[in-house]
Protein chains: 6
Amino acid sequence: MSAPPRSNERVAYFNGEYVPEREVVVPFRDRSFKYGDAAFDMTRTFNHRPFKLREHIDRFYKSLRYLRIDPGLSPEEMIRISEEVLTRNVHLLGPDEDYWIGQRVSRGVDAVGDEGWQHTGPNVIVECMPLPLKQRARQFRDGVDIVVPAVRRTSPDALSPRAKTHNYLNLITADMDAKASNPQAWSILLDVNGNLAEGTGSNIFLVQDGEIYTPRDQFVLPGVSRQTAIDLAAQEGIPLHQRDVDLYDAFNADEIFITSTSWCIVPARTFNGQTIGNGAVPGPITKRLTDAYVRFVDCDFVSQYLKHA
Amino acid sequence: MSAPPRSNERVAYFNGEYVPEREVVVPFRDRSFKYGDAAFDMTRTFNHRPFKLREHIDRFYKSLRYLRIDPGLSPEEMIRISEEVLTRNVHLLGPDEDYWIGQRVSRGVDAVGDEGWQHTGPNVIVECMPLPLKQRARQFRDGVDIVVPAVRRTSPDALSPRAKTHNYLNLITADMDAKASNPQAWSILLDVNGNLAEGTGSNIFLVQDGEIYTPRDQFVLPGVSRQTAIDLAAQEGIPLHQRDVDLYDAFNADEIFITSTSWCIVPARTFNGQTIGNGAVPGPITKRLTDAYVRFVDCDFVSQYLKHA
Amino acid sequence: MSAPPRSNERVAYFNGEYVPEREVVVPFRDRSFKYGDAAFDMTRTFNHRPFKLREHIDRFYKSLRYLRIDPGLSPEEMIRISEEVLTRNVHLLGPDEDYWIGQRVSRGVDAVGDEGWQHTGPNVIVECMPLPLKQRARQFRDGVDIVVPAVRRTSPDALSPRAKTHNYLNLITADMDAKASNPQAWSILLDVNGNLAEGTGSNIFLVQDGEIYTPRDQFVLPGVSRQTAIDLAAQEGIPLHQRDVDLYDAFNADEIFITSTSWCIVPARTFNGQTIGNGAVPGPITKRLTDAYVRFVDCDFVSQYLKHA
Amino acid sequence: MSAPPRSNERVAYFNGEYVPEREVVVPFRDRSFKYGDAAFDMTRTFNHRPFKLREHIDRFYKSLRYLRIDPGLSPEEMIRISEEVLTRNVHLLGPDEDYWIGQRVSRGVDAVGDEGWQHTGPNVIVECMPLPLKQRARQFRDGVDIVVPAVRRTSPDALSPRAKTHNYLNLITADMDAKASNPQAWSILLDVNGNLAEGTGSNIFLVQDGEIYTPRDQFVLPGVSRQTAIDLAAQEGIPLHQRDVDLYDAFNADEIFITSTSWCIVPARTFNGQTIGNGAVPGPITKRLTDAYVRFVDCDFVSQYLKHA
Amino acid sequence: MSAPPRSNERVAYFNGEYVPEREVVVPFRDRSFKYGDAAFDMTRTFNHRPFKLREHIDRFYKSLRYLRIDPGLSPEEMIRISEEVLTRNVHLLGPDEDYWIGQRVSRGVDAVGDEGWQHTGPNVIVECMPLPLKQRARQFRDGVDIVVPAVRRTSPDALSPRAKTHNYLNLITADMDAKASNPQAWSILLDVNGNLAEGTGSNIFLVQDGEIYTPRDQFVLPGVSRQTAIDLAAQEGIPLHQRDVDLYDAFNADEIFITSTSWCIVPARTFNGQTIGNGAVPGPITKRLTDAYVRFVDCDFVSQYLKHA
Amino acid sequence: MSAPPRSNERVAYFNGEYVPEREVVVPFRDRSFKYGDAAFDMTRTFNHRPFKLREHIDRFYKSLRYLRIDPGLSPEEMIRISEEVLTRNVHLLGPDEDYWIGQRVSRGVDAVGDEGWQHTGPNVIVECMPLPLKQRARQFRDGVDIVVPAVRRTSPDALSPRAKTHNYLNLITADMDAKASNPQAWSILLDVNGNLAEGTGSNIFLVQDGEIYTPRDQFVLPGVSRQTAIDLAAQEGIPLHQRDVDLYDAFNADEIFITSTSWCIVPARTFNGQTIGNGAVPGPITKRLTDAYVRFVDCDFVSQYLKHA
């Protein structure tokens, strides 16, 4: 990188300091750059307030523990830093905008020892980024087009999909396959057994005959939004089952929706090119859960997205 | 990172320029840092001359093509840059030292667009690093202790082990399991079918009754050193078979050896704690292939390693 | 079906008689209608002469034997009937047209015994049909767009893909998934192990570095055109390997082509949306094999297709 | 087919008309004849009244939707037609007889366009057939001999066993293997994971220590009779679990019974040649459920079968 | 064996007689010696009283039935004999000692018929043996070191892990692999799907967030101690789930414990080299269940073990 | 065992001594009795001369090494002992009789230490037994009835089928299933991938179009008779392929034969109830190989068997 260009005003936490985002750079021998040897997590804000930060940090520490990476910070410190990052950046948001807040810890830098990098331990980054409201508004309006690619989600006996790590190539190559024919496609992969698993940072739910089905959590990231949807379904009195679901279920679903941190809940329109149910977007159960979600987070994220359409 | 510390004198190629290694830093939103969304390759020098640079670069471009990453440079340019990096750093080597030379290309930087990073396209790095001769000398003297962990090598229908990517967590977590009981252990993973596959950047060969067996290349990185060993076996008139090999084969092997870019060929001493064959390190076939390798590369890498013991 | 409408003039063999095609109707309790409990085979003519009829009939009898269906006719009789069907219909072809000739045997009719159907044994049909030259001309001109769907080819321990049966739903549903995003897509399924298998009535070949690779025949129909391509490659001195090939191979192929009875050899243009090799359609090896095929069958099928474009 | 022979008096619905059964014939290019490209369902009558027709039609439309076949009729119309078919044929039944009532829809006819077939859209057939009371009476008296063949039930990622399609070769070839040594054998296949799945149109239940176990519905047809048994067990206060069951469970079962549309509930006598439990046919739980079934359908189907022995 | 040496005073039941242990010898053509063609079970005493003898004998007869071995004795007789063996040997125990009591039945002797062996039917042995309190005391004090080997537990479609047979080589070879690097390691194998299964005669339980998880019983021996732990958890109001658990669960467990007949409940210290939870041995839930177990069996087995340390 | 009964006159080697067979008894705590923790091998004599004793002993030591059992004897000693056992028993054979000669080594005796057994190390037995010529004569006359059971051969990642161990329950339970419907059935199991593997101590070969196919040796015991057949096929100029073969191959085979130590080569008559090829027993290739086998061993084993019919 040559001379410092003009930049935004956001700051991020980086190994103990709050610095402008553009100064958060890592040596090329950092193990996350070389190997994806890191974990991360990501929450969002609603009306500029962080959502379930504790739950995200708890999941983050499980990912780290699975990878046997020691971040050198307690969960409580990580929460406090995340809040501080938000505090320092919140004034940059417009009223209809919100942030993603992400935590990332790499195992550190592989160094001969003479490169001149002062810091070779874990690289700890906490950062925020405006939600891509504009890019994703169309899907709130029209529904998501789900496409199942041929690539299978990595088997848990190779690398657990439950850990949110910096190894995303399985999801990335699968998504490129799905998008090859339809750039608007959202890929949902099958797991090693041929059941529906998950998409990039997103969980899938099927509705049939007034009941909801979502894959068991062994083969998918246990999404915090997924858990919120599960809790809200219970609260709404809608039966919800965590079980193996497959293509037969999907083609016969009355409704399908996706959950993710940024989307919360978003309805799907087609599944492998077939209109889902009678084509209503969102369907009644999806609508009901979305409304409950909006109430729960006290933020009408649907309107927020649509405003950016 | 705070004030610039004292550093080595090596330089690396970084997106069009040759800069001191310590200046090769990437934004934290680089996709290889975030996702391991990158490929790399790595050759070594013998007597300060690069080994099979063309073959390594060819494999590198296959990895990139599988990932659908465009490096923006032709293979010929990548070779030329690699040679230039060596030229600019070779004077820093002692007479008994040699370099790893690595090429790395990430897909680029995910940016809101306002971070102030000038470069958001592919990050291209070509760099060199002294071989870890001292750390690995013991294994040339005593033989490698191979341990097979429970974690299985990622299945090719999730992410092909033939592509040399920046997604190494499968190999890293497996290796931590193997080293948990024996820090000297070198892990060799089983593939999805339960056959011997590969270790981190390394291939395995079994010798029995004067013939050599090595796993088929679908489940392993097609190592350049592996291919060299295959070619040298043919030249030496030693029958060599690429086929599925499993634990039964390994426990009944007369000799086992490992190939890798840095090691070339190194003998193994134990397999899951059992002495291999009659315990000779190296065994006669391994010795013969090693000698042929030394002649082929015109560099006595065994003595080189042992000098650093 | 109500009053007999106007019809073509083609005749077909049906249980011992040659009748107008429109009279070849089967009771709804025929086991092939109810269960797909039947086998078939299909050759084509070149310049109105049947291609490798003996080889097709041999394969047909293997399918029947696997299903334990007795057609009540010897292979020699089946060949003679096929030739007779051609003779009786050949005058209906234009000069640039050719026929598919198909043989079909169902296990027979499940009947209470009182339905009034005279014939309840195997239904034996031999028929011909003009090749869809117009519909497929585009792909000879531009190349096939290969898409790999998520549905896997039926495992041989459930129903062998080597038998050409009337159970095609696995291929049909997979193809609908592939065509959902791109109606021009030609689906090639993965087998149970995640290797490339086959498409509907079609085999896949990859070319890399001047050598050809095609899946082993255990997971695919052993196509007669596939075998012709294999034989012609040998004759042309082009190395050809029957081995497991997967997505990594396909993304790194210099050329890909498809063989089938109707197409003979047709080049592919894209694989999961990525341009194959340097984009030449056909590539040089495909061209060379196609030319050899044209010479072998003494019919320029490429020109024949392009005339109908 | 030549001159019209003498026939029964039953009529069937065929694409909008009610015609004598012997006139329900389909062109040989119908996709169900060629590919088994169709779905069906089948209920039975008790005392000449149809059983759970709505449930069968609902399942039928799920099969059609999975196959993406549009029957051109609503479920309500399909129910009405089924009732009409029964009405038109019921007078042909003796007092101790009952009907199967079946609905079948094929995707339509593949035609060059000149064959002279007026109808090339979906072929829709609704028909009835006397139950095979005589042939199956022995099994009500003595119990079924269950044999597990080596052929595995098709994996859901190839073709879902939950869809009742015209692709039955997997079940047919498996059944031939089971019957090879014992023509009385009733085959129950294992699924892709080695668990007990299902037989041709039939589900299996194991009883142990007063509780009932039946395979999860992902790998089997969700039988309407199966569901009836599940509901009746609940009503009778007999604990019933849908879970993976395997050979160990079967050899240790106190009782085993089969459910199917025609049989309702029938006891098994042996499992792979071993006497089940203490050999009582039916065992006490099977008896209790059978009695409840008889009450529920208000028809003593056991006596009905035995009368025909 | 030459002249009879001095021996202990224990007696065992052997085919109808109570004889000194040293006289319980079987012909080398006994099928259990040749093939491991036998089943066994094993309970222990607490304060010299047998534990859940009925449950163990019930499981024993399930194993026998799965193997289709007829022991020639009823379960009640087997219980009575087991009690008699204990009665005849109990006076040999010290106050802090207890017995294993084992039942073993082989299918019998394969004989030409002229070897001179009177007894060729099932060999039935009931025997007792002092518990290895001294050898296992360390693990009660320090915790077990769990290591997961690469060898997978035999698949239920080959031989059910639920049957307690004399075929232990799968477990034995796996355990040798685990102990190769750490002789103190206790191996827990993965099942065919990559989930945690079981160790030699032992079940695994994970604790997280105050709830307990243990593998489903299809892939593991349904341990009587395992069932006791499950019952005691219910009694203590600790939620317990039988579900698939994998390496991610294990690395994130707060506590892990093992159950077996001899150990009852023993805490684990490390899992693949990583300290479990915060390292407390036993953790609070393990302690609570252990205390409940001690009360339930009315024997402080922990103190008993520690006395022998 | 009570008073010594009358016995045959054969002697066996037992831990250093040659003793009457009836004295070869092992303590019930021998690990082969308890766990099948032992390996064995078995050759036969032709005209009272041992067949390929060296090859059998080599395979035996591979089994032992895989199990990590040290027999305490060199292969040369084991050969010498085997010859001595034959020498001491050969006079008991009639002129048309021959022996099996078996070697067995268990890992030793698990002992508290006070049982009074002098020998607790490996139990080493070398023994002979007349071949079951009479029992198997029918199959030489009529051909073997092959039946494929549902039980799958143990996966190599659980316990390698290549090691000839005392763990035979997988094969035994599978064989009971196959024999349940047909007591004359000879079971051939499928491997974990659904390919034909092997039967109890026996290998399968298919003949089609004059070429021979037999499963790869990873999933089967590498039979010495199998290797003999392979060598003789080469010598006879009959192409032979080691490759995956499945049910499709078997149903389409012209001939099938089985090899085993006792049978050498025996033709099959039916495969899962279907007549093989045209029903000739033996078929021409089987006959030719059998004749070559007879010449090679200089013993007409077919006549020998038929004499005992």
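Residues numbered from 1 in each chain as written. Chains lettered and ligands numbered in written order. Predicted model: local features only at pLDDT ≥ 70, side-chain atom pairs only at ≥ 80, totals over all residues. Heavy atoms only, no water.

## Here we look at the interface of chain C and chain B
Counting from both sides, the interface comprises 17 residues of chain C and, opposite them, 14 residues of chain B. If you sort the residues of chain C by the area they bury against chain B, Tyr248, Phe251 and Asn252 of chain C come out on top, with a joint share of 44%. Seen at the junction of chain C and chain B, the total is five salt bridges. Of the charged contacts, one joins Arg162 of chain B and Asp249 of chain C as a salt bridge, the two residues approaching to 2.6 Å between their closest N and O atoms. Linking chain C with chain B are 11 residue pairs in polar contact (both at pLDDT 80 or more). With four residues, helix 7 (residues 247-251) of chain C is the single largest residue contributor to the side of chain C that touches chain B. Considering only residue class, the side of chain C that touches chain B consists of four nonpolar, seven polar and six charged. (Contact = heavy atoms within 4.5 Å. Buried area = accessible area lost by both parts, 1.4 Å probe. Salt bridge = Lys/Arg side-chain N within 4 Å of Asp/Glu carboxyl O. Polar contact = N/O pair within 3.5 Å; in protein donor to acceptor, adjacent residues only side chain to side chain. Helix = DSSP H or I, 4+ residues; strand = E, 2+ residues; numbered from the N terminus. Nonpolar A, V, L, I, M, F, W, Y, C, P; charged D, E, K, R; others polar.)

## Focus on the interface of chain D and chain C
When the parts come together, some accessible area is lost, and that loss is often what is quoted as the size of the interface. Listed by partner, the interface residues are 60 residues for chain D and 61 residues for chain C. Both sides together, the interface formed by chain D and chain C hides about 5400 Å², and carbon and sulfur atoms give 60% of it. The tally of links between chain D and chain C comes to six salt bridges. Linking chain D with chain C are 27 residue pairs in polar contact (both at pLDDT 80 or more), by the criterion used here. With six residues, the top contributor of residues to the side of chain D that touches chain C is helix 5 (residues 169-181) of chain D.

## Regarding the environment of Phe219 of chain F
Residues and elements named next belong to chain F. Among the structural elements, Phe219 can be located in the loop between strand 12 (211-214) and helix 6 (224-236). Look at Phe219 and you get buried, because its relative accessible area is 9%. Note: C-alpha distance between Phe219 and Ala197 (22 residues apart in sequence) is 6.1 Å. (Buried < 20%, exposed > 50% of the residue type's maximum accessible area, 1.4 Å probe, protein only.)

## Topic: the relation of the copies chain D and chain C
Least-squares fitting of chain D to chain C yields an RMSD of 0.0 Å, with the superposition described by an axial translation of 0.0 Å and a rotation of 180°. What the superposition gives is, in effect, a two-fold axis relating one chain to the other. An overlap of 100% is found between the interface residues of chain D and their copies at the interface of chain C, pointing to a shared contact surface. (Least-squares fit on C-alpha atoms with pLDDT ≥ 70 in both.)

## Notes on the domain arrangement of chain A
Residue and element names in this part refer to chain A. Domain annotation of chain A identifies domain 1 (11-131) and domain 2 (136-306). When domain 1 packs against domain 2, the two sides together hide about 2100 Å² of surface, and 58% of this comes from carbon and sulfur. Inspection of the domain 1/domain 2 interface yields 16 residue pairs in polar contact (both at pLDDT 80 or more). Of all elements in the fold, only helix 1 (31-35), strand 4 (38-46), helix 2 (53-67) and strand 6 (99-106) reach the threshold of two or more residues within the side of domain 1 that touches domain 2. Looking at the side of domain 1 that touches domain 2 element by element, the count peaks at eight residues for strand 4. Its residues placed into classes, the side of domain 1 that touches domain 2 shows 11 nonpolar, six polar and 11 charged. (Domains from an automatic or database assignment.)

## Quick notes on the packing of helix 6 (residues 224-236) of chain D against helix 8 (residues 284-297) of chain D
All names here are of chain D. Where helix 6 contacts helix 8, the axes come no closer than 10 Å and their chain directions differ by 105°. Compared by their axis directions, helix 6 and helix 8 come out roughly perpendicular. Here Ser225, Thr228, Ala229, Leu232, Ala233 and Glu236 of helix 6 come into contact with helix 8, specifically with Arg288, Leu289, Ala292, Tyr293, Arg295 and Phe296. Class assignment of the residues belonging to the contact of helix 6 with helix 8 gives a composition of seven nonpolar, two polar and three charged. (Axes fitted to C-alpha atoms, helices over the stretch in contact; angles between N-to-C directions. Parallel < 35°, antiparallel > 145°, perpendicular 65-115°, else oblique.)

## Examining the pairing of strand 6 (residues 99-106) of chain D
Residue and element names in this part refer to chain D. Of all eight residues in strand 6, eight are buried, a share of seventy percent or more. Of the two faces of strand 6, the one holding Tyr99, Ile101, Gln103 and Val105 and the one holding Trp100, Gly102, Arg104 and Ser106 are both buried throughout. Strand direction decides the pairing type here: strand 4 (residues 38-46) and strand 6, joined by seven bridges, are antiparallel. Its bridge partner being in strand 6, Ala38 is matched across the sheet by Ser106. (Pairing = 2+ DSSP bridges.)

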